[in-house]
Amino acid sequence: MAEAKQNSNLRQAIDFGALVAFMGTYLFSRVVQKLDSTDAMFQATWVLVGASIIALLAGWLLEKRLAPMPLFSGLFALVFGTLTLVFHDPNLLKIKITIQNLALSAILLGSLAFNKAAFKYLLGSAFHLTDEGWRGLTLRYGLFFLCVAIVNETIWRTQSDDFWVAFRGGLWVASAAFGIWQVFFIMKHLIKDEEPEQNT
């Protein structure tokens, strides 16, 4: 259990590192190299593609499997990052967040229509919740991903590249804050392991 938690923490650090590398490269390109925003975006995208490959490989090496959520996010970053470089269009990278979050929202909210809780399968065995808890968490994250898609679509179409990159970092903070907020809901519906009987 301790090893699994350690691997999970390391994996999260690697995923966060990919975002930091992307934003750091963009900032370096703009401030130090004095590149325009489009060229800076392409340089940062090269780093993102490389970081996505590393994250997927790290996930496999650490856990001997590719968990659904990291695999989903990693493949989206890899595919849209590559398309951005091939077609030389930074908008493809920006729209990635819209499509990725719309897809997640559709999967989660759609599963509720069939009386299923898809979030349970996306998270795997991270923790054990009641059926009500899984449905509630699926609904919350389904709506959250939908909101992210709408906000991202609005921002990348109306704001500058600099603003969008800053928003990308703020989105990670917002996602982390939302996840922390869900801890209270998770604890309420958590199925605790039965404690072993003690011999007297």
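Above this text sits the structure in question.
The structure presented is a predicted model; accordingly, all values stated were derived computationally and were not measured.

Participant: Even after reading the chapter, I still don't get unusual backbone geometry, so can you show me in this structure?
Facilitator: In terms of backbone geometry, most residues other than glycine have negative phi values and most peptide bonds are trans. Backbone geometry places H88, a non-glycine residue, at a positive phi of 55°. In this structure, H88 sits in the loop between helix 3 (68-87) and helix 4 (91-113). Not every positive phi belongs to a glycine, and N115 is a case in point at roughly 60°. Take N115: it is sitting in the loop between helix 4 and helix 5 (118-123). Looking at N115, the relative accessible area reads 60%, which means it is exposed.

Participant: I'm lost on the side chain of T45 in this one. Help?
Facilitator: Among the secondary structure elements, T45 is positioned in helix 2 (residues 37-63). Its relative accessible area of 0% is what places T45 among the buried residues. Once residues within four sequence positions are removed from consideration, T45 is found in contact with F22, G81, T84, L85 and L93.

Participant: Just to check I follow, could you spell out the nonpolar core for this structure?
Facilitator: The tendency in soluble globular proteins is for nonpolar side chains to be buried as a group. If you look at the biggest cluster of nonpolar residues, it comprises 34 residues, and the most contacted ones within it are F22, L137, Y141 and W164. If you list the elements that add at least two residues to this core, you get helix 1 (2-31), helix 2, helix 3, helix 4, helix 5, helix 6 (131-158) and helix 7 (161-189). If you tally residues by element for this core, the top one is helix 6, at 8 residues. Those residues in contact with L137, other than ones at most four positions away along the chain, are F119, F127, L129, Q182, F185 and I186.

Participant: Please explain the environment of D89 as it appears in this structure.
Facilitator: Position of D89 relative to the elements: it lies in the loop between helix 3 and helix 4. Spatially, the C-alpha atoms of D89 and F42 are 8.6 Å apart, while their sequence positions differ by 47 residues. Setting aside residues no more than four positions away along its own chain, D89 makes contact with F42 and T84.

Participant: I'm lost on the packing of helix 4 against helix 7 in this one. Help?
Facilitator: Two numbers describe a pair of packed helices, the interaxial angle and the distance between the axes. Relative to each other, helix 4 and helix 7 sit at 35°, their axes nearing to 12 Å. As for how helix 4 packs across helix 7, the hand of that crossing is left-handed. Facing helix 4, whose interface residues are L93, K94, K96 and I97, helix 7 presents D161, W164, R168 and L171. Of the residues in the contact of helix 4 with helix 7, the class split is 4 nonpolar, no polar and 4 charged.

Participant: Can you walk me through helix 7 in this structure?
Facilitator: Residues spaced three or four apart along an α-helix point in a common direction, a consequence of the helix completing one turn every 3.6 residues. Relative to the 42 Å expected for 29 residues at 1.5 Å per residue, helix 7 spans 41 Å between its end C-alpha atoms, a close match to the ideal helical length. Maximal helix bending in helix 7 amounts to about 30°, located at V183. Of the positions making up helix 7, those classed as buried are D161, W164, V165, F167, R168, G169, L171, F178, Q182, F185, I186 and H189.

Participant: Is there a simple way to explain a nonpolar patch on the surface in this structure?
Facilitator: Among the surface-exposed residues, F16, V20, W172 and V173 lie close enough to one another that they form a single nonpolar patch of about 350 Å² accessible area. When you line up the elements, F16 lands in helix 1.

Participant: Mind showing me how you'd approach the packing of aromatic side chains here?
Facilitator: For any pair of aromatic rings, the description consists of the separation of the ring centres together with the inter-plane angle of the planes. One pass over the structure, following the stated rule, counts 10 aromatic pairs. On the numbers, 6.5 Å between centres and 85° between planes, the contact of F22 with W164 is edge-to-face. Taken as a pair, F22 in helix 1 and W164 in helix 7 lie far apart in primary sequence, 142 residues in all. Note on W164: relative accessible area 1%, which makes it buried. Taking the centre distance of 5.0 Å and the plane angle of 90° together, the rings of Y141 and F178 count as edge-to-face. Taken together, the residues Y141 in helix 6 and F178 in helix 7 connect sequence positions 37 residues apart. In this structure Y141 comes out as buried when scored by relative accessible area, which is 14%. Since its relative accessible area comes to 12%, F178 is described here as buried. An aromatic cluster is present here, built from F119, Y141, F144, F145, F178 and W181 joined pairwise through their rings. The ring of W181 has R140 lying over it, and the distance from NZ or CZ to the ring centre is 5.7 Å.

The rules behind each value
Residues numbered from 1 in each chain as written. Predicted model: local features only at pLDDT ≥ 70, side-chain atom pairs only at ≥ 80, totals over all residues. Heavy atoms only, no water. Helix = DSSP H or I, 4+ residues; strand = E, 2+ residues; numbered from the N terminus. Buried < 20%, exposed > 50% of the residue type's maximum accessible area, 1.4 Å probe, protein only. Contact = heavy atoms within 4.5 Å. Core = buried A, V, L, I, M, F, W, Y, C linked by side-chain atoms within 4.5 Å. Axes fitted to C-alpha atoms, helices over the stretch in contact; angles between N-to-C directions. Left-handed = near helix turned anticlockwise from the far one by under 90°. Nonpolar A, V, L, I, M, F, W, Y, C, P; charged D, E, K, R; others polar. Expected span 1.5 Å × (residues − 1). Bend = angle between axes of the 7 residues up to and from the residue. Patch = residues over 30% accessible without salt bridge, like charges linked within 9 Å, V, L, I, M, F, W, Y side chains within 5 Å. Areas by Shrake-Rupley, 256 points an atom, 1.4 Å probe, with all protein chains shown as cover. Salt bridge = Lys/Arg side-chain N within 4 Å of Asp/Glu carboxyl O. Phe/Tyr/Trp six-rings, centres within 6.5 Å; stacked < 30°, edge-to-face > 60°. Lys NZ or Arg CZ within 6 Å of the ring centre and 35° of its normal.

Function-wise, these values are silent; they only describe arrangement.
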